Amino acid sequence: MQKITIAIDGFSSTGKSTIAKRLASALGYIYVDTGAMYRAVTLFAINEDFIGENEDIPGLLRCLNQIQLKFVPNKELDRSEMYLNGENVEAEIRTMKVSEQVSKIATIAEVRELLVDMQQKMGKEKGLVMDGRDIGTVVFPDAELKIFMTASPDARATRRYKELLERGEEVTYEEVLKNVQERDRIDSTREVSPLKKAEDAIEFDNSDMGLEEQFERIHNLAQRVI
Ligand code: C5P
């Protein structure tokens, strides 16, 4: 059976990663969460004081070659976790502190170049499902299957709010809604690789669609291509 590349793009908190992970596991493919990579670079920038109160983007650019990212499988939890310079940062990259800065870091052309290069190397052999914002447009414009996920801002903020509460973060629904909308605004309007639907992507509005139905539909689409 031939292996293909599946690109899943879309707005923040549309459930891309849940579907992408499940699809990858059903097909025996690798799953890559590119948002985790932008989040890890952002955490590095926060820790080194390159962003926040004393912004120093040129300083960050000088240190980009010191950033080592690795996805390490966690068999117990049946997922891969992001390691930044040898340290497991999976929980920390999902906090609001990182969410508030990540879209700004993702506008930087040099950061995108670095991460897109890593992503293309990971997908060289095909057989992968990658989710993000520019996978179908920039990283793998020739992907055999492209999905573009959307959902109403309320549906997305509600999902994200629940996730953060489950992780024990103290946050209000309004803060989460504002963050989701602000990230979408920055991601869609940035100069380099803005978030947009690839012409040949299939659009999925999952505001009123359960996980099972989404998975069934996307899995069927993939099987038709494979
Ligand atoms: O997917 P997630 O919400 O974790 O992504 C966090 C942020 O990383 C996005 O809001 C966006 O700014 C950036 N991102 C990106 N391109 C990607 C993946 C994520 O710009 N391919």
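Residues numbered from 1 in each chain as written. Predicted model: local features only at pLDDT ≥ 70, side-chain atom pairs only at ≥ 80, totals over all residues. Heavy atoms only, no water.

- Under the annotation held in an unreviewed UniProt entry, the protein carries the name Cytidylate kinase and is attributed to Flagellimonas nanhaiensis.
- Check the Sequence similarities (unreviewed entry) section of the UniProt entry for the protein; it says "Belongs to the cytidylate kinase family. Type 1 subfamily."
- In its Subcellular location (unreviewed entry) section, the UniProt entry covering the protein states "Cytoplasm". (UniProt positions renumbered as here; feature names shortened; annotations may be inferred.)

1. Here we look at the site of the ligand
For step 1, the next point in the chain: If you check the shell around the ligand, you find 15 residues, and the closest are Arg39, Arg112, Asp134, Asp187 and Arg190.
For step 2, the next point in the chain: Thr34 is positioned such that a nitrogen or oxygen atom in its side chain is 3.0 Å from a nitrogen atom of the ligand.
For step 3, the next point in the chain: Take Ser103: an N or O atom from its side chain is 3.0 Å from an oxygen atom of the ligand.
For step 4, the next point in the chain: The set of elements that each furnish at least two residues to the shell around the ligand consists of α2 (34-47), α4 (96-105) and α8 (173-189).
For step 5, the next point in the chain: The greatest single-element share of the shell around the ligand, amounting to 4 residues, is contributed by α2.
For step 6, the next point in the chain: For the shell around the ligand, the per-class residue count stands at 4 nonpolar, 4 polar and 7 charged. (Near = heavy atom within 4 Å. Polar contact = N/O pair within 3.5 Å; in protein donor to acceptor, adjacent residues only side chain to side chain. Helix = DSSP H or I, 4+ residues; strand = E, 2+ residues; numbered from the N terminus. Nonpolar A, V, L, I, M, F, W, Y, C, P; charged D, E, K, R; others polar.)

2. Observations regarding the pairing of strand β6 (residues 128-132)
For step 1, the next point in the chain: The buried count for β6 comes to 5 of 5 residues, which makes it a mostly enclosed element.
For step 2, the next point in the chain: By the alternation rule, side chains of β6 split into Leu128, Met130 and Gly132 and Val129 and Asp131, which are all buried.
For step 3, the next point in the chain: Across 5 bridges, the pairing between strand β1 (residues 5-10) and β6 is parallel. Of the residues in β6, the one forming a bridge with Asp9 is Gly132.
For step 4, the next point in the chain: Two strands pair when backbone bridges link them, and strand β2 (residues 30-33) and β6 are joined in this way by 4 bridges, in the parallel orientation. Within β6, the position partnered with Val32 by the bridge is Met130. (Buried < 20%, exposed > 50% of the residue type's maximum accessible area, 1.4 Å probe, protein only. Pairing = 2+ DSSP bridges.)

3. Focus: the sheet that holds β6
For step 1, the next point in the chain: The strand order β2-β6-β1-β7-β8 describes an open sheet built from 5 strands, whose pairing is parallel. Of all the strands in the sheet, the pair left with one neighbour each is β2 and β8 (202-205). If you compare each strand with its neighbour and ignore which way they point, the axes differ by 20° on average.
For step 2, the next point in the chain: Packed onto the sheet, helix α9 (residues 211-225) meets β1, β7 (145-150) and β8 and runs at close to 160° relative to β7. (Axes fitted to C-alpha atoms, helices over the stretch in contact; angles between N-to-C directions. Contact = heavy atoms within 4.5 Å.)

4. A look at the UniProt feature "domain: Cytidylate kinase" (unreviewed entry) in the protein
For step 1, the next point in the chain: Within this structure's numbering, the places UniProt gives as "domain: Cytidylate kinase" (unreviewed entry) are residues 6-223.
For step 2, the next point in the chain: Taken end to end, residues 6-223 is 49% helix and 17% strand, and its two terminal C-alpha atoms sit 11 Å from one another.

5. Quick word on the packing of aromatic side chains
Each aromatic ring pair is summarised here by two numbers: the centre-to-centre distance and the angle between the ring planes.
For step 1, the next point in the chain: Summed over all chains, the structure comprises 2 aromatic pairs.
For step 2, the next point in the chain: Both rings, one in Phe11 and one in Phe148, keep their centres 5.8 Å apart while their planes meet at 80°; by these two values the pair is edge-to-face. With Phe11 in the loop between β1 and α1 (16-27) and Phe148 in strand β7, this pair connects stretches of sequence that are 137 residues apart.
For step 3, the next point in the chain: Owing to a relative accessible area of 23%, Phe11 belongs among the partly exposed residues under this scheme.
For step 4, the next point in the chain: The exposure class assigned to Phe148 is buried, which follows from its relative accessible area of 5%.
For step 5, the next point in the chain: The interplanar angle of 85° and the centroid separation of 6.0 Å between the aromatic rings of Tyr161 and Tyr173 together place this pair among those described as edge-to-face. Of this pair, Tyr161 sits in helix α7 (residues 153-166) while Tyr173 sits in helix α8, and the two are 12 residues apart along the sequence.
For step 6, the next point in the chain: A relative accessible area of 24% means that Tyr161 is categorised as partly exposed.
For step 7, the next point in the chain: Taking the relative accessible area as the measure of exposure, Tyr173 reaches 21% and is therefore partly exposed. (Phe/Tyr/Trp six-rings, centres within 6.5 Å; stacked < 30°, edge-to-face > 60°.)

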